[in-house]
Amino acid sequence: MKSRLPAPEAPYIAEPLAHADQPVHDERVPIYLHELGFDELRARLAADGLRPAHAATLWNALQYRAQTDLLAREDFPPPLRRWLERRLGVQCLLDMPEVSSHTPSSDGLTDKFLLRLQDGQEIETVVMGYEGRHTACVSTQAGCAMGCVFCATGQMGFARHLRPGEIVAQVLHARRVLQGAGRRLRNLVLMGMGEPLHNYDNVMKALQILSDTRGCNIGPSKMSISTVGVVPGILRLAEEDRPYNLAVSLHGSTEEERAALIPANQRWPLHELVQSCRTYGEKTGRKIFFAWTLIAGVNDSPAHARRVAALLRGLRAHVNLIPLNETAGYAGRECAESSASVFHRIIQDAGIPCTIRQKRGIDVAAGCGQLKAARRKRERAAPQAA
């Protein structure tokens, strides 16, 4: 069992990883096939004398059909089958996390999966159904270094970054689940465990793979990256003109208020965060979604709403209000419906679109800010109960 890690005062940005135009493999190191882009996979097979058509066949099996037993495919061309028999499990590996548990919500629309990675780390992935569409909420880290006080993942501390293939594998798992029910995955939100912009390069590589029209084919406009406010990552998204939706967790309207809820505010203060959002908006022209968790008596007053409206004035913004999903590690409570309604009206009257987010999966701790901790607590308590 991992010991609980304290949230650092100054969360860091991961060092850049190798880019796609750099060598993709060292023969002495196994390759994870799920984290190769199509061109990388084609180059890898070409190095062993296979044709581009073989790469297309393998990519289709991996990324479009989301198949898990490649050697069971009797229709593979003989050269590709021989290559897999020789390489698979030795020099080439697959990302296929084990399902430790599957917990459906009583709402009939939400399913939470606890997935065990190859090193024993566990992450959670949630599949949510809405009218005419399905969304996967995936994790980008095991744990989180940002330490947001009301978030169960932040309370557990940071273990490690996920590789691109481990992010992709969650989406492929969601696709298999939905395909079994005759449904299709349309949207992807990086709002599970971890801070996506703290794992920037791995996240961007995964989204590149998942948006490839020859594979999962999830349009960039259907992908959302949620950040607690990692300013260098926001500016990099703007500089690179990444086509994904950006969601910023705000939660506090003054420096002191926000720092009490989000330790990362000490590293990237509120005024710098808002300025980075203005830079992002000016460079990309895209709308930014701002999340505000409503906590009774902490940040749910009309005065808070007016300050939020003032902070976002001039930005192309949309505010999502999220009544607190309570966790064992935080004493705060969900705000009253009347407080949420007043807050919503003030933001709307300021000319900023605002939505009170629909609750999903709360009974199975699959809601925003609830992931992971409940499972860990049960595992620790089990020996005592016996």
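Student: Explain the overall build of the protein chain here, please?
Tutor: Regarding its fold elements, the protein chain presents 12 helices and 14 strands. Taken across its 386 residues, the protein chain has 53% of its residues classed as buried. Of all intrachain contacts in the protein chain linking residues separated by at least 6 positions in sequence, the fraction that spans at least 24 positions is 67%.

Student: What's the story with the sheet that holds strand 5 (residues 122–130) in this structure? I'm lost.
Tutor: Neighbouring strands of a sheet are bound in pairs by backbone hydrogen bonds; such pairs are parallel or else antiparallel. One open sheet accounts for 10 strands, arranged 3-4-5-6-9-10-11-12-13-14; its pairing is mixed. The outermost strands of the open sheet, each flanked by one partner alone, are strand 3 (98–104) and strand 14 (354–356). Taking the axes of each pair of neighbouring strands and ignoring which way they run, one obtains an average angle of 20° across the sheet. Pairing between strand 12 (residues 288–294) and strand 13 (residues 317–323): 7 bridges, direction parallel. Paired with Ala291 across the bridge in strand 13 is Asn320.

Student: Explain the packing of helix 10 (residues 302–311) against helix 11 (residues 337–349) to me, please; I cannot follow it from the model alone.
Tutor: The relative placement of two packed helices is expressed as an angle between their axes plus a distance between the axes. Axis separation between helix 10 and helix 11 bottoms out at 9 Å; the angle between their running directions is 30°. If you check the angle between helix 10 and helix 11, you find them roughly parallel. Handedness of the helix 10/helix 11 crossing: right-handed. On helix 11, the residues touching Pro302, His304, Ala305, Arg306, Val308 and Ala309 of helix 10 are Val342, Phe343, Ile346 and Ile347. Among the residues forming the contact of helix 10 with helix 11, the class breakdown is 8 nonpolar, 1 polar and 1 charged.

Student: Could you clarify how one ought to interpret the nonpolar core in this entry?
Tutor: In summary, soluble globular proteins display a tendency toward joint burial of nonpolar side chains. Among the nonpolar cores identified, the biggest contains 100 residues, and Leu58, Met146, Leu188, Phe290, Leu312 and Ile347 are the most heavily contacted of them. Looking at this core, the element that brings in the most residues is helix 6 (residues 200–210), giving 7 residues.

Student: Looking at this structure, how should I read the state of the cysteines?
Tutor: Should the sulfur atoms of two cysteines be covalently bonded, the bond is a disulfide. With the rule as written, the count across this model stands at 0 disulfides. There is no disulfide at Cys144, and the cysteine sulfur nearest it, in Cys148, is 6.4 Å away.

Student: Mind showing me how you'd approach the pairing of strand 12 here?
Tutor: Looking along a regular strand, one sees the side chains alternate between the two faces of the sheet. Extensive coverage of strand 12 is indicated by the burial of 6 of its 7 residues. One ladder, built from 4 bridges, connects strand 11 (residues 245–249) with strand 12; its direction is parallel. Residue Ala247 lies in a different strand from strand 12, and its bridge partner there is Phe289. At this point the chain moves from strand 12, through helix 10, to the parallel strand 13, and the crossover so formed is right-handed.

Student: Honestly, the pattern of salt bridges in this entry has me stumped. Any pointers?
Tutor: Pairing is possible between side chains that carry opposite charge, provided their charged atoms lie close to one another. Tallied over the full model, the rule gives 22 salt bridges. Arg44 serves as the salt-bridge partner of Asp48, at 3.2 Å between the closest nitrogen and oxygen. Of the charged contacts, one joins Glu166 and Arg163 as a salt bridge, the two residues approaching to 3.6 Å between their closest N and O atoms. A single burial state applies to Glu166 and to Arg163, both of which are buried. Where salt bridges share partners, they join Glu35, Asp95, Asp119, Arg160, Arg163 and Glu166 into one cluster.

Student: Looking at this model, I keep getting lost on the confidence of the model for the protein chain. Mind explaining?
Tutor: Detailed reading of the predicted coordinates is not advisable wherever pLDDT falls low. Residues with a pLDDT of 70 or more make up 86% of the protein chain, whose mean pLDDT is 88. The low-confidence segment residues 1–25 (pLDDT under 50) makes 45 contacts with residues lying over four places distant or belonging to another chain. Contacts for the low-pLDDT stretch residues 373–386, under 50 throughout, to residues beyond four places or in other chains number 11 contacts.

Student: When you look at the packing of aromatic side chains in this model, what are you seeing that I'm missing?
Tutor: Each aromatic ring pair is described using two quantities: the centre-to-centre distance and the angle formed by the ring planes. This structure, assessed with the given rule, holds 3 aromatic pairs. Between Trp292 and Phe343, the aromatic rings sit 5.7 Å apart at their centres with planes inclined by 35°, giving tilted as the arrangement. Residue Trp292 is located in strand 12, and its partner Phe343 is located in helix 11; the two are separated by 51 residues in the primary sequence. For Trp292, a relative accessible area of 1% puts it in the buried group. Over the ring of Tyr32 we find Arg163; its NZ or CZ atom is 3.5 Å from the centre of that ring. Directly above the aromatic system of Phe38 lies the positively charged group of Arg214, at a separation of 3.9 Å from the ring centroid.

Student: How should I be thinking about empty space enclosed by the protein in this particular structure?
Tutor: Over the atoms rolls a probe the size of a water molecule, and in doing so it shows where empty space is left. If you walk through the whole model with that rule in mind, you get 4 cavities of 30 Å³ or more. As a volume, the largest cavity reaches approximately 50 Å³. Around the largest cavity sit Asp95, Met96, Pro97, Leu117, Gln118, Glu166 and Ala169, which together line it.

Student: Just to check I follow, could you spell out helix 1 (residues 38–47) for this structure?
Tutor: An α-helical segment advances 3.6 residues per turn. Residues three or four places apart therefore align on the same side. Taken as a whole, helix 1 has its buried residues at Phe38, Glu40, Leu41, Arg44 and Leu45. Looking down the long axis of helix 1, one finds its buried residues gathered within 165° of arc, a one-sided arrangement. Next to the buried residues of helix 1 lie strand 1 (31–32), helix 2 (52–64), helix 3 (78–87) and helix 6. With its phi angle positive at about 85°, Gly49 sits one or two positions after the end of helix 1.

Student: Mind showing me how you'd approach unusual backbone geometry here?
Tutor: Most peptide bonds take the trans configuration, and most residues that are not glycine carry a negative phi. The phi dihedral of Asn217 is positive, around 55°, even though this residue is not glycine. Following the sequence through the fold, Asn217 ends up in the loop between helix 6 and strand 10 (223–227). Classification of Asn217 by relative accessible area gives partly exposed; the value is 35%. Backbone geometry at Asp241 places phi at a positive 50°, although glycine is not the residue there. Given a relative accessible area of 42%, Asp241 falls into the partly exposed group.

What counts, and where the lines are drawn
- Residues numbered from 1 in each chain as written.
- Predicted model: local features only at pLDDT ≥ 70, side-chain atom pairs only at ≥ 80, totals over all residues.
- Heavy atoms only, no water.
- Helix = DSSP H or I, 4+ residues; strand = E, 2+ residues; numbered from the N terminus.
- Buried < 20%, exposed > 50% of the residue type's maximum accessible area, 1.4 Å probe, protein only.
- Contact = heavy atoms within 4.5 Å.
- Pairing = 2+ DSSP bridges.
- Axes fitted to C-alpha atoms, helices over the stretch in contact; angles between N-to-C directions.
- Parallel < 35°, antiparallel > 145°, perpendicular 65-115°, else oblique.
- Left-handed = near helix turned anticlockwise from the far one by under 90°.
- Nonpolar A, V, L, I, M, F, W, Y, C, P; charged D, E, K, R; others polar.
- Core = buried A, V, L, I, M, F, W, Y, C linked by side-chain atoms within 4.5 Å.
- Disulfide = S-S within 2.5 Å.
- Right-handed = clockwise from strand over helix to strand, strands pointing away.
- Salt bridge = Lys/Arg side-chain N within 4 Å of Asp/Glu carboxyl O.
- pLDDT = per-residue confidence, 0-100.
- Phe/Tyr/Trp six-rings, centres within 6.5 Å; stacked < 30°, edge-to-face > 60°.
- Lys NZ or Arg CZ within 6 Å of the ring centre and 35° of its normal.
- 1 Å grid on protein atoms, 1.4 Å probe; cavity = no way out; pocket = protein on both sides within 12 Å on 5 of 7 lines; lining within 4 Å.
- Points joined across faces, edges and corners; volume = space filled by probe spheres on them.
- Arc of directions from axis to C-beta.

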